[in-house]
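Residues per chain, in single letters:
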Amino acid sequence: MGEITNVTEYQAIAKQKLPKMVYDYYASGAEDEWTLQENREAFSRILFRPRILIDVSKIDMATTVLGFKISMPIMIAPSAFQKMAHPDGEYATARAASAAGTIMTLSSWATSSVEEVASTGPGIRFFQLYVYKDRKVVEQLVRRAERAGFKATALTMDTPRLGRREADIKNRFVLPPFLTLKNFEGLELGKMDQASDSGLASYVAGQIDRTLSWKDVKWLQTITTLPILVKGVITAEDTRLAVENGAAGIIVSNHGARQLDYVPATISALEEVVKAARGQLPVFLDGGVRRGTDVFKALALGAAGVFIGRPVVFSLAAAGEAGVRNVLQMLRDEFELTMALSGCTSLADITRNHVITDADKLGVMPSRL
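Not measured: the values here are computed from a predicted model.

Turning our attention to the pattern of salt bridges. Going through the model one piece at a time under the given rule, you end up with 16 salt bridges. Of the charged contacts, one joins E321 and R95 as a salt bridge, the two residues approaching to 2.9 Å between their closest N and O atoms. Of this pair, E321 sits in helix α13 (residues 310–342) while R95 sits in helix α4 (residues 89–99); the two residues are 226 residues apart in sequence, bridging distant segments of the chain. Judged by relative accessible area, E321 falls into the buried class, the value being 18%. Among the ionic pairs, R164 bridges to E166, the shortest N-O distance being 3.7 Å. Residue R164 is classed as partly exposed on the basis of its relative accessible area, which comes to 48%.

What follows is the structure in structure tokens.
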């Protein structure tokens, strides 16, 4: 392995190392994969307006998320089945996040349980939740996450059914037999059966509640004191409903372009959500972040922080815990450099005036002067 100089280079290494079914599961998106490509390309259309002759000898990237102090506004998104990437799986990711002083979000469909991840040592961790048809299962899981010291719940709202991921259908994707959905092991829900298409799609159809609605956000508040982040919001209308229903924050997400194809890139949807939130709750961005410049762009458009997903599983596959640590360090270093070259010494210095979007170029946005 030659020297890795950026986050994206881990993907090719992961592709070489992983079985095709596993790599395709992590890498693919829904249907035509238009949104998958757009999640990246939309970042490349946002340009900078850097300010010069500002003292940038000291740069502070620290921030707080839901009251928890972290070293930088770059956090780890929930990604399922991490032991498919590397035997250490979620343990390695948890340790890397903790070492970087940032937050890890553990997937409901992790191959390590909430208790196992907690046992890796101290760290600020959030728990991503899918709502199962059997609400007692959900209740039990949330209680276990609370007891294990998890600090918030990220409620995934965009998956009443699984998106059509054609690579998984072709590969007849199923969780390898030596792995289980660790959080559900004792509940007869930990195994995934082989299916005529995608084993995961069949599992979701059988277990996940299609009746999920805003009233369930209220219900979740009755069973837990953990703050609830609503994940999967990409419109102003749903932003207002999230505020009305007591969400603690919003994660602007299109599920890594794995659900509905032809939705906008999350970076393109971000500003609409931020404006509708009116500062009443923090808005985070998930999807397509591969560079420190992407982090800066998201913050300039109003995000309180970003979550990264695929870079974690690809670096995990390539180099285990060291790979994930390296991804977090590279993004941190690039983000710090972007701040310096833009004339910003703290996150509060990053403003809407530091970027030009497609809408600005078309004169849709009011003049800055």
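Take the environment of Q259 next. Its location among the elements puts Q259 in the loop between β9 (249–252) and α11 (266–277). On the basis of relative accessibility, which here comes to 12%, the residue Q259 falls in the buried class. Linking Q259 and E31, residues 228 residues apart in sequence, is a C-alpha distance of 8.8 Å. Non-local contacts of Q259, meaning those with residues more than four positions away in its chain, are made with A30, D158, T159, R161, L162, G163, R164, R165 and N254. Of the polar contacts made by the side chain of Q259, one reaches the backbone nitrogen of G163; its length is 2.7 Å.

Time to look at unusual backbone geometry. A positive phi angle is found at E33, which is not glycine, with a value near 60°. Looking at the element boundaries, E33 is found in the loop between α2 (20–27) and α3 (34–44). Positive phi values are uncommon outside glycine, yet Y262 reaches one of about 70°.

The first and last C-alpha atoms of α11 sit 16 Å apart over 12 residues, in line with the 16 Å expected at 1.5 Å per residue. Taken together, the buried positions of α11 are T266, I267, A269, L270, E271, V273, A276 and A277. Buried residues belonging to α11 abut α3, β8 (228–233), α10 (236–244), β9, β10 (283–286) and α12 (292–300). In the segment just after α11, R278 is the residue with positive phi, at about 50°.

Here we come to the packing of helix α6 (residues 135–147) against helix α9 (residues 214–223). Relative to each other, α6 and α9 sit at 50°, their axes nearing to 10 Å. One way to sum up the angle between α6 and α9 is to call them oblique. α9 is crossed by α6, and the crossing has right-handed handedness. Between α6, through R135, V138, E139, V142 and R143, and α9, the contact on the second element is made entirely by D216, W219, L220 and I223. Class assignment of the residues belonging to the contact of α6 with α9 gives a composition of five nonpolar, no polar and four charged.

Moving on to the packing of aromatic side chains. As enumerated under the stated definition, the model contains 14 aromatic pairs in all. Relative to Y130, the ring of W109 has its centre 4.0 Å away and its plane inclined at 25°; by these criteria the two rings are stacked. In this pair, W109 is assigned in the loop between β5 (104–106) and α5 (114–118) and Y130 in the loop between β6 (125–129) and α6, connecting sequence segments 21 residues apart. Here W109 and Y130 have matching classes, each one buried. An aromatic cluster of three or more residues is present, and its members are Y25, Y26, F81, W109, Y130, Y132, F173, F184 and Y203. Above the face of the W219 ring, R135 is positioned so that its terminal group lies 5.1 Å from the ring centre. One Lys or Arg, K297, reaches over the ring of F48 and ends 5.3 Å from the middle of that ring.

Conventions adopted
- Residues numbered from 1 in each chain as written.
- Predicted model: local features only at pLDDT ≥ 70, side-chain atom pairs only at ≥ 80, totals over all residues.
- Heavy atoms only, no water.
- Salt bridge = Lys/Arg side-chain N within 4 Å of Asp/Glu carboxyl O.
- Helix = DSSP H or I, 4+ residues; strand = E, 2+ residues; numbered from the N terminus.
- Buried < 20%, exposed > 50% of the residue type's maximum accessible area, 1.4 Å probe, protein only.
- Contact = heavy atoms within 4.5 Å.
- Polar contact = N/O pair within 3.5 Å; in protein donor to acceptor, adjacent residues only side chain to side chain.
- Expected span 1.5 Å × (residues − 1).
- Axes fitted to C-alpha atoms, helices over the stretch in contact; angles between N-to-C directions.
- Parallel < 35°, antiparallel > 145°, perpendicular 65-115°, else oblique.
- Left-handed = near helix turned anticlockwise from the far one by under 90°.
- Nonpolar A, V, L, I, M, F, W, Y, C, P; charged D, E, K, R; others polar.
- Phe/Tyr/Trp six-rings, centres within 6.5 Å; stacked < 30°, edge-to-face > 60°.
- Lys NZ or Arg CZ within 6 Å of the ring centre and 35° of its normal.

Purely geometric numbers; function is a separate question.
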